[in-house]
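The chain contents come next:
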Amino acid sequence: MTKIAAVMDPTTLSPTSIEVMANQATINIGTIGHVSHGKSTLVRTISGVQTFRYERERKLNITIKLGYANAKIYKCDNEECPRPGCYESKGSAEPVEYPCKRPGCGGKMKLVRHISFVDCPGHDVYMMTMLSGAAVMDAAMLLVAANEPCPQPQTSEHLVAIEMIKLKNAFILQNKVDRIKEDEALINYEQIKKFSKNTIVENAPIIPISAQLKVNIDAVIEYVYKHIPIPVRDFTADPHLIVIRSFDINKPGFEADELRGGVVGGSILKGVLKVGDEIELRPGRLVQDPVTNRTKLVTLRSRIVSLNAEANSMQFAVPGGLIGVGSLLDPALTRQDLLAGNVLGHPGKLPKVYTELEINYFLLRQLLGMQKDKRKSSNIGPLKKNEILKIAIGSLTLGALVIKVRKDIARLALQKPACADIGEKIAISRNYGVLWRLIGWASIVKGKTYNVDK
């Protein structure tokens, strides 16, 4: 584990401070694209971490839940060390510098970035999971398999999803070039160029790689360092963390004095969290009032007892990167991602909780991410009163009933309360058969608030 102590005043630090990067990632990069195009393999190659954590994922060899992994990027301080070989990546627990391995170099590999990967599922069934991951992305790598025609269904759908959230930094990786001949790679390259026209990746580079054989990975690392900027972060604002997972770290057979409180994981959008801080999670959880027998929403309050970024233990955490927040919450409340979709911050400083939302929406003209079927229309019709949609607000996905619609304004009754900011972007999906398909996006205009019990 990194030994640099993090005890100084966080307001004096920046996302590129060694004191921060030694322990915590400060930028989130999503891996997006069609199923089996090599997203998880690339993350493993760069970080050394296998993001498949569930038995079903290992059996099917696909990502089902969001995968997470951290990696440190190093650059040799000897200017004579040739690029892109002067760049390397290692796991998040590695030291801040080490000798360059190039014979005769004599330089030192020094830490220049610490990144978190958000590995998204590429299967169409898990599109809503991908949207939850998009909520914390600062940049994205779109993987396209060179041995398949481009675009594949979720190649298109994932690209539109990151365009909806106004993600500005994205680039393309032409993966699996080891499986085809040079002339086939050039044909696929032209397909990618045609597909990316008039999108946010129109002018982005297309880097040919083999994630499996680790070909050209140093060029990917170099591009991330040179061309993917760390977003401007507000360290002084009230902290706001989006929860994308929660879990119980206790193992069967633990004695009572060995039990530890629940853990929530996510990314801080602004502000700084410290060990010892009092925290609140909204919207919280629904409970039944024993007196009135009615269901009510109760916010959750606790105290931070630990902060971790993979193996690195910290005294404070800053915006960017994925962190685990240890608390005094009953671990039964945090098991199996039960608190995913909440937001975490200081008590009384979080956005309001809503049961209804008025949105200003925009619909796509045609469905994306579906195999073409001439027997079925892919045109997207207008929203209709009383239809049920599925929406993504931050990392929360939930059902919503359209109760009023006029032109580009709609009012939605939410399946359950949601904590959100006015002006926040949301994704809209509609049911087609057995799948929910992305049909558009919206901004929150106003809503009906819910008074949360403390």
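Residues numbered from 1 in each chain as written. Predicted model: local features only at pLDDT ≥ 70, side-chain atom pairs only at ≥ 80, totals over all residues. Heavy atoms only, no water.

(A) Representation of the overall build of the chain. Helices and strands together make up the secondary structure of the chain, namely eight helices and 24 strands. Over its C-alpha trace the chain gives a radius of gyration of 23 Å, about what one expects of a compact globule, namely 22 Å for 454 residues. Here the C-alpha coordinates of the chain stretch approximately 75 × 65 × 40 Å along the principal axes. By the burial criterion, 54% of the 454 residues in the chain qualify as buried. Taking contacts inside the chain between residues at least 6 apart in sequence as the whole, the part at least 24 apart equals 72%. When the accessible surface of the chain is totalled, it reaches about 21200 Å², and 50% of it is carbon and sulfur. (Helix = DSSP H or I, 4+ residues; strand = E, 2+ residues; numbered from the N terminus. Rg over C-alpha atoms; globule rule 2.2 N^0.38 Å. Buried < 20%, exposed > 50% of the residue type's maximum accessible area, 1.4 Å probe, protein only. Contact = heavy atoms within 4.5 Å. Areas by Shrake-Rupley, 256 points an atom, 1.4 Å probe, with all protein chains shown as cover.)

(B) Representation of helix 4 (residues 127-134) in the model. With seven of its eight residues buried, helix 4 lies for the most part within the structure. Within the sequence span of helix 4, burial applies to Met 127, Met 128, Met 130, Leu 131, Ser 132, Gly 133 and Ala 134.

(C) Seen up close, the pattern of salt bridges. Counted under the stated rule, the structure contains eleven salt bridges. Here Arg 437 and Glu 157 are joined by a salt bridge, their closest N and O atoms 2.6 Å apart. Taken together, the residues span a long stretch of sequence, with Arg 437 in strand 24 (residues 435-449) and Glu 157 in helix 5 (residues 153-164) at a distance of 280 residues. Where Lys 296 meets Asp 289, a salt bridge forms, and the shortest distance between an N and an O atom there is 3.6 Å. (Salt bridge = Lys/Arg side-chain N within 4 Å of Asp/Glu carboxyl O.)

(D) A look at the sheet that holds strand 18 (residues 343-345). Across the sheet, eight strands lie side by side as 13-12-18-9-10-17-14-15; this open sheet has antiparallel pairing. Across the chains shown, the open sheet's two edge strands, defined by having one partner strand only, are strand 13 (295-303) and strand 15 (312-314). The sheet shows a mean angle of 40° between the axes of neighbouring strands, direction not considered. Bridging between strand 14 (residues 306-309) and strand 17 (residues 323-326) involves three bridges; their strand directions are antiparallel. Within strand 17, the position partnered with Asn 308 by the bridge is Gly 324. (Pairing = 2+ DSSP bridges. Axes fitted to C-alpha atoms, helices over the stretch in contact; angles between N-to-C directions.)

(E) Examining the sheet that holds strand 19 (residues 353-363) more closely. Strand order in the closed barrel formed by six strands is 19-22-21-20-23-24, with antiparallel pairing between adjacent strands. For this sheet, the mean angle separating the axes of adjacent strands, direction not counted, is 45°. Contacting strand 20 (388-393), strand 21 (396-406), strand 23 (425-432) and strand 24, helix 4 runs over the sheet at an angle of about 30° to strand 20. Along the sheet face, helix 5 touches strand 23 and strand 24 and points at about 15° away from the line of strand 24.

(F) Highlighting helix 2 (residues 39-47). With eight of its nine residues buried, helix 2 lies for the most part within the structure. Those residues of helix 2 that fall on the buried side of the exposure criterion are Lys 39, Ser 40, Thr 41, Leu 42, Val 43, Thr 45, Ile 46 and Ser 47. Gly 48 lies just past helix 2 and shows a positive phi near 80°.

(G) Molecular detail of the pairing of strand 1 (residues 27-32). With six of six residues buried, strand 1 is to be regarded as a mostly interior element. On strand 1, burial covers both faces: Ile 27, Ile 29 and Thr 31 on one face and Asn 28, Gly 30 and Ile 32 on the other are all buried.

(H) Geometry of the packing of aromatic side chains. Within this structure, the stated rule accounts for four aromatic pairs. Ring geometry for Tyr 87 versus Tyr 225: centroids 5.8 Å apart, planes at 45°, classification tilted. With Tyr 87 in strand 3 (residues 87-91) and Tyr 225 in helix 7 (residues 217-227), this residue pair connects regions lying 138 residues apart in the sequence. Given the relative accessible area of 3%, Tyr 87 is considered buried. Residue Tyr 225 is classed as partly exposed on the basis of its relative accessible area, which comes to 25%. Summarising the aromatic geometry, the rings of Phe 362 and Trp 441 are spaced 4.9 Å apart at their centres and angled 45° between planes, so their arrangement reads as tilted. (Phe/Tyr/Trp six-rings, centres within 6.5 Å; stacked < 30°, edge-to-face > 60°.)

(I) Region of the structure containing the environment of Pro 99. Turning to its location among the elements, Pro 99 is positioned in strand 4 (residues 97-99). On the accessibility criterion, Pro 99 (60% relative accessible area) is exposed. Along the backbone, Pro 99 and Thr 334 are 235 residues apart, and their C-alpha atoms lie at a distance of 42 Å.

(J) Examining the side chain of Ser 40 more closely. Mapped onto the elements of the fold, Ser 40 is located in helix 2. Here Asp 119 takes part through its side chain, which lies 2.5 Å from a polar atom of the side chain of Ser 40. (Polar contact = N/O pair within 3.5 Å; in protein donor to acceptor, adjacent residues only side chain to side chain.)

(K) Representation of the confidence of the model for the chain in the model. Chain-level pLDDT for the chain is 89 on average; 91% of the residues reach the 70-or-more range. Contacts of residues 1-6 to residues separated by more than four positions or lying in other chains number 19 contacts, the stretch itself having pLDDT below 50. (pLDDT = per-residue confidence, 0-100.)

(L) Up close: a positive patch on the surface. Taken together, the side chains of Lys 385, Lys 404, Arg 406 and Lys 446 present a region of like positive charge at the surface. Relative to the elements of secondary structure, Arg 406 occurs in strand 21. Residue classification places Arg 406 among the partly exposed positions, given a relative accessible area of 46%. (Patch = residues over 30% accessible without salt bridge, like charges linked within 9 Å, V, L, I, M, F, W, Y side chains within 5 Å. Lys, Arg positive; Asp, Glu negative; His and termini not counted. Charge placed at Lys NZ, Arg CZ, Asp CG, Glu CD.)

(M) Here's a closer look at the environment of Val 144. Structurally, Val 144 can be placed in strand 6 (residues 139-145). What makes Val 144 buried here is its relative accessible area of 2%. Along the primary structure Val 144 and Lys 39 are separated by 105 residues, whereas in three dimensions their C-alpha atoms are 9.3 Å apart. Excluding residues that lie within four positions of it along the chain, Val 144 makes contacts with His 37, Cys 150, Thr 155, Ile 172, Leu 173, Gln 174, Asn 175 and Ile 192.

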